[in-house]
Each structure stands twice: as C-alpha cells, then as structure tokens.
Amino acid sequence: LLSLSIIHCSSYPLSFVYCLFLLRRLSSQFQRLFSQASLSHPLRKAFKLSLVQTRKMSDFTTKPTLATLEVPVVDVEGNLASVNEKIEACSQKHGVPPPRLVAVSKTKPLSLILDAYKAGQRCFGENYIQELREKSLDDQAPDDIEWRFIGRLQSNKCNLLAGVKNLTAVETISSEKLARKLNNALETQGREVPLDVLVQVNTSGEENKGGVDPSQVTALAQFISKECNLLNFRGLMTIGMLARSVAGDNTNEDFECLVECRNTVASNLGVEESALELSMGMSSDFEQAIGMGSTNVRVGSTIFGARSYPKQKQDEK
C-alpha cells in the first residue's frame, strides 16, 4: 500500500518535500490501521521496513551544516596583511599602541581560519555558540588559537559556551543574570582561571541592538567584579549605529559614549582608564575607532569576504 502511495504522489506535479509530507501522514495512518489488524508477520515486517525507508528519505530535507558549505576563494593572507598595515598606519598617526585584531570568522569554514592562522593571526571572534564549539573542538584547530565570543548571549546557552575549548573572552555580557549564569557554568566546568569578559553597551539606543543602557554600566561592572569569581571584568564593547559608522565624520557618537562610560566605570572601580579595554570598530570603521581610543577591533568581511548565513543560524541569533 505504501509503495502504491509513493507512485501515486509522484505522478502529480508536487514538490518533493510536499510528497514526503504526504507520505509521512499516510505512514502514520497505516501504522494505526495495522496495529489494530491481525496481520501476518511478513506483512508487518514489510510495513516497518517501508516506514523506515520513508523516514530516511526525509533526511534529504535536513538543513545544511557548516561542513557542507562551499568554501569560497578568498585571499585571506593578503586581506589580513592589508588590515594589519592599516591598523599600524592608523596607530602611528594617532600616537597610540596598535589594538588587538579580532578576526571575525562567523559562518566561515575552519579552512579559512587556518589560512589566517598560517599568516600569523591567533585571535578569532565568533557569534554563534554551536558553531564556535564545533570549530574549537575540531582536531585541526591549533591549540594556541584564542576564541572570543562576540554574539548575543542567552542565559540558556551559558553551559554550552563554558565548554568551548580555548575560550579566552566573552564580549557581550549585558545583565547580572547573564554574568551569574556564565560564572556558574564555568564553575560547573571546573574552570580555575577567570574568563575575561566585557560589558556590551547599547550606545546607540537602538532596540535591535544588545547591550546595557549607558546609565547601568557601572552597576553591572561592579557586580561582575565583586560577585563573579570566575569572570574577569576587562572593559566595554559596543556595536555602533551603521549610519554613524559609514558617515565618514571625524567623530562617532557611539565611540564617544563608550569612552565616557569607560572613564566613569574606571573612576568608580578605582582603576586607571587605560586598564579597561574598549572594543569598538569593525570593517567599516575600525580606523576611526582606533583614532578614538579603541584597544580591540573586530574585522570580519574585509578579511574573509562577504558572509553567507545558513538558515539554521537564525535560531541562534
């Protein structure tokens, strides 16, 4: 009966996925029917085999993974050299130490990360926890890679994040709840060395941006410093408004706001301003950010090329 149903469905101009949907429905109905009937052993066995095969056919509709993505042709070594040259030139121009370069490798295969690694890059930033875990635990990933999580963090993902190999920093702490959850997760994992964390600040006030309000930064920084023994508060991070990043002005309101927040936090914690990091500046505005005091720039597409977002990643944003 199931075989006849397959032939019947395939004779109509329906999509393959829709045919599979119909087959699964028919299989469920047949299963209920056969469970109530007194069927011979061979027929029951044939039905079960057909049902298993039908379910296996549905695997063709499984969403793609990173391993199945086509590796783009990108001159990672050349792009990385160009970015480093710009960082060096900009730092010399403003008389400041070169900031840390975080190569943002989200949605990019490990092969491109290894290209950057061979060219001397060691610090990489990822936005999706599951993708970061897979890359960090891959046998091909060198032991001295430094992974930084720069995506929006959810409290129910803290345990997964705590299990990332060579995790050196989380730049997106935005609440006491997240800080406590991550601290507890690290404790459960048996971590002994405190993890560097930055507080993300919503300097633009955009609802679609993560981060704490500037007025609440000091309280969160104090909470982390006093209550989270496995978190090492290192500074502040922001993702500025795109319009301000591409405007090309000499100043950027988001960067100015983050600097002011850093100065206020340093004063309240009783530490030097230079002791706290400023993670600001991406592909479109990292040179401007360096001129305004950034100590940590996050550059991705300029190094690895334009990104493609597999559909399954939407669930992790």
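Presented here is an overview of the structure given in this document.

Parameters and conventions
Residues numbered from 1 in each chain as written. Predicted model: local features only at pLDDT ≥ 70, side-chain atom pairs only at ≥ 80, totals over all residues. Heavy atoms only, no water. Helix = DSSP H or I, 4+ residues; strand = E, 2+ residues; numbered from the N terminus. Buried < 20%, exposed > 50% of the residue type's maximum accessible area, 1.4 Å probe, protein only. Polar contact = N/O pair within 3.5 Å; in protein donor to acceptor, adjacent residues only side chain to side chain. Core = buried A, V, L, I, M, F, W, Y, C linked by side-chain atoms within 4.5 Å. Contact = heavy atoms within 4.5 Å. Expected span 1.5 Å × (residues − 1). Arc of directions from axis to C-beta.

Structurally, Lys135 is set in helix α6 (residues 129-137). Of the residues examined, Lys135 reaches a relative accessible area of 5% and is grouped as buried. At 2.7 Å, the side chain of Lys135 and the backbone oxygen of Lys108 are in polar contact. Looking at Lys135, its side chain comes within polar contact range of the side chain of Glu126, at 2.8 Å.

In this section: the nonpolar core. Leu153, Leu161, Val170, Ile173, Leu182, Ile224 and Ile303 are the most contacted members of the largest nonpolar core, which totals 65 residues. Among the elements that make up this core, the one with the highest residue count is helix α11 (residues 253-269) (seven residues). Not counting residues up to four positions away in its chain, the partners in contact with Val170 are Phe149, Leu153, Leu161, Leu182, Leu195, Asp196, Val197 and Leu198.

Under the 1.5 Å per step criterion, the end-to-end length of helix α4 (residues 76-94) is 27 Å for 19 residues, consistent within 8% with the ideal 27 Å. Residues of α4 that are buried include every one of Val76, Leu80, Val83, Ile87, Cys90 and Ser91, and no others. Taken end-on, α4 shows its buried residues confined to a sector of 100°, consistent with a single buried face. In α4, the exposed positions that point more than 90 degrees away from the buried face belong to Glu77, Glu85, Gln92 and Lys93. In this structure, the buried side of α4 is in contact with β1 (100-104), α5 (110-118), α12 (286-291), β8 (296-299) and α13 (301-304).

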